[in-house]
Amino acid sequence: MLNMNIECSTQPKFLSILKLLKNEVKSHLSLIEGALNVSESDFSEAEFSVIQKAVSRIRGAAKICGFEAIVSLAKELQTAFPASSDFRNLYRPSLEQFNNFMELFSQLEESSFASFLDEKKDELSRIKRFFIEKPLPVKPIPKRALNQPVSKTDKKPGAIGIKPGSKLFDMFRTGVKNHSQILNSGLETMGTNPTLENLEPITRAAHSLKGSTRIVGLHAPASIANAMENVFLSVQSGTAKLSPKLILALQKGAVFFSRLAEINPAEIGLWLTQQESLINRLTQALEDGKTDVSDLIFSDEPATAHEAFGAAVIPDAVPSPVENADRPHQKKIMAKSPDQELDEQTSKMLGNYSIKVLLIDDEVLVGETVRQMLAGEEDIVFYSAQNPWLAFQKALEIEPTVILQDLVMPDVDGLQMVLFFRNHPSLTNVPLIVLSSRKEAVTKAEAFVEGANDYLEKLPDKIELIARIRYHSKGYINLRERNDAFSVLIKSRRELAEELSYAIKYIVSLLPKPVREGPIRAEWRFIPSTQLGGDTLGYHWIKPNLLAMYLLDVSGHGIKSALLSVTAYNVLTSQTLPDTDFARPDQVCYHLNETFQMEKHNNLSFTIWYGVYDKETRILSYASAGHPPALLFPSDKTPPIEMSCENTLIGAFPGVPYEMKTHLIEPGSSLYIFSDGVYEVRNPDGEFWDISGLKDYLLKSSSPDHLEVENLYHHLLAYSHAKNLGDDYSILKLYFP
């Protein structure tokens, strides 16, 4: 039955990595096609390597996304990958079937994953059966030169870094036993069926042995595992062949680790010391592929058990970094050191956030080692994941502040994991430290190109690891705090915008309706700026023959200015100023000034133009307090009359008198009362459209037409080349027939 995990596809948060999977598959299939189309004479190891890497990348990307169907098909494709001169003729049928599947996959939409499986299950099963029922012939791997040297070590063969009998050492022995079994069975299979698919598990086993022996401080076994891994990698890249002597040396290496797993923990140091010459011979054979090791036999136990460890064992007085956290006296010393004080200061800087570390490594021993390293750090929470797909789910669940990523994992290139993390919107900024036993500059450079923040050779010193975790976590937490603050700011601004919107609606609802018939006609436009100023306007009959009209402008912008504006407006409409004749503009301004002194109203002041028109006498009485002059346009289209008084603004000084003026209004005249937002408008060249420009515009367009004040607003927008004016647009027009 075809196995396809589609859990990722049903969750929107995984759609971004599925899109990346499609792109990965598409680009690498193109690379394979390009390599296959190279002419026979030009085909070289480069094309061979391109195909091999492309299939591996497809499989890895599918593994990361949890698409086991693609992983399975890619594995079958690799199994059908013969390394021979006519491999393309053998390979094309497999690639054609794989392309059939990928064509189906490319049709897949994010919203139809489940139905896709139901509709295409028969076709998917047919493609799967092609690989199972028609295995392709495999020919021997071509002859290549072995050219990857194994690094030497100055450590004694019996040196041990972790005390035998500890939990870590027990985990190490279990791992060695399992990996040595993989090596033994895998090498036997490679002798009869040397395919890339069969080579992969033993390469991984050697890599795991190298890492685990280094963790526990067994440097001599680490050199053997390193040499074996280099051989397998050379074979994979086509630069080495599995000669009989080299296969024998690899088998001897597998036997060595089988023996190592069975040795009594208390006797390992002595046993390794006694095997020193054999270890050197085996390492040499793995390096040159020529040394004969047919007579090499590793003993099952050391000669004398009472000499276990001998001088090679690290004494108790010098504990390993892993065990430092378990020693009280060591904690006490470290608590007084500058490094510890620096860590404490850093923790305080990080506030209440916990540092969360997610380790992604399929080796249980590595996970336990890192866990013990971090066990004594109270502000660090440690998580681990062995499966690449589950690692994504874990990362989204716990929101780590730093990720430790292994480079070599089953079916997955660790650099692909880095790439996928960097392309997931929720994880793209999480600091990522690559952990690897590879020291090559090229590998490190590739990690940084894919988006890694740091690179550590596995496993680093405890102090260094903690320092890097703190450093990267601090930066990420600062980023999160900044983003959180920005989100709060955005939310606050949205809420403020909603409040301003309600305030605008409320202010507009208070204003009187336009009057387009009768002895006096009134039209107005009030369009608040984006910040909402303190403008308001109105008119009402205070007596059957007396019409009060006014427009005021509170200093500043925002809710405070708007509230004061509304308060003053209510005082005028309700005529609640004490001892005030509202038919006398001078008295209105005086008592407004006494009532709204700045120190009692958030240091806010306002300007006002207030007038009273007697329809029987046609006399307009008015007073202005720091406000722009009103403009009276006679019916004969002569230049307007400016109507203003030399009065101070409202709220500045108590007890000051206010003057009033009068004017006879001729029939057909138009009066415009406005705030400074109507004429203080700047264009992109920095020029102001001042009050003289306003006069000219109104002189040409003044008429009984009620659209006039609306047209003026659009004219100002066009002049300023802006979507909104910088201040409230408030204008009141009264027409006297």
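The structure displayed is predicted, hence computed values, not measured ones.

Analysis parameters
Residues numbered from 1 in each chain as written. Predicted model: local features only at pLDDT ≥ 70, side-chain atom pairs only at ≥ 80, totals over all residues. Heavy atoms only, no water. Helix = DSSP H or I, 4+ residues; strand = E, 2+ residues; numbered from the N terminus. Buried < 20%, exposed > 50% of the residue type's maximum accessible area, 1.4 Å probe, protein only. Contact = heavy atoms within 4.5 Å. Areas by Shrake-Rupley, 256 points an atom, 1.4 Å probe, with all protein chains shown as cover. Phe/Tyr/Trp six-rings, centres within 6.5 Å; stacked < 30°, edge-to-face > 60°. Core = buried A, V, L, I, M, F, W, Y, C linked by side-chain atoms within 4.5 Å. Pairing = 2+ DSSP bridges. Axes fitted to C-alpha atoms, helices over the stretch in contact; angles between N-to-C directions.

Draft legend 1. Inspection of the overall build of the protein at higher detail. The helix and strand inventory of the protein stands at 23 helices and 19 strands. Here the protein, with 737 residues, has 51% of them falling under the buried criterion. Sequence separation of 24 or more characterises 72% of the internal contacts of the protein that already satisfy a separation of 6 or more. Put simply, the protein shows about 33700 Å² of open surface, and 52% of that area lies on carbon and sulfur atoms.

Draft legend 2. Broad picture of the packing of aromatic side chains. Scanning the model with the defined rule gives 13 aromatic pairs in all. Between phenylalanine 596 and phenylalanine 606 the ring centres are 5.8 Å apart and the planes differ by 75°, which places this aromatic pair in the edge-to-face class. One end of the pair, phenylalanine 596, is in the loop between α21 (585–595) and β11 (606–614); the other, phenylalanine 606, is in strand β11, and 10 residues separate them in sequence. Each member of the pair, phenylalanine 596 as well as phenylalanine 606, carries the same accessibility label: buried. Each ring, one from tyrosine 613 and one from phenylalanine 736, has its centre 4.7 Å from the other, and the planes form 55°; the classification is tilted. In this pair, tyrosine 613 sits in strand β11 while phenylalanine 736 sits in strand β19 (residues 729–736), placing the two residues 123 residues apart along the sequence. Just as tyrosine 613 is buried, phenylalanine 736 falls in that class too.

Draft legend 3. Spotlight on the nonpolar core. Met549, Ile608, Leu671 and Leu734 are the most contacted members of the largest nonpolar core, which totals 57 residues. No other element matches strand β10 (residues 546–557), which puts 8 residues into this core. Not counting residues up to four positions away in its chain, the partners in contact with leucine 671 are Met549, Trp609, Leu620, Ala630, Leu631, Leu632, Met643, Leu732, Lys733, Leu734 and Phe736. If you look at the next biggest cluster of nonpolar residues, it comprises 45 residues, including Ile58, Ile360, Ala385 and Val434.

Draft legend 4. Inspection of the sheet that holds strand β16 (residues 669–674) at higher detail. Here 5 strands make up an open sheet; going across it, the order is β8-β19-β16-β13-β14 and the pairing antiparallel. With partners counted over all chains shown, the strands left at the sheet margins are β8 (521–527) and β14 (641–643), one partner each. Within the sheet, the average angular offset between the axes of one strand and its neighbour, ignoring direction, is 20°. Relative to β14, strand β13 (residues 630–633) runs antiparallel, the two sharing 3 bridges. Residue pairing for β14: leucine 632 is matched across the bridge by isoleucine 641. Here helix α22 (residues 691–701) sits on the sheet and contacts β13, β14 and β16; the angle it forms with β13, its principal contact strand, is near 30°.

Honestly, that's just the spatial picture; any functional story needs more than this.
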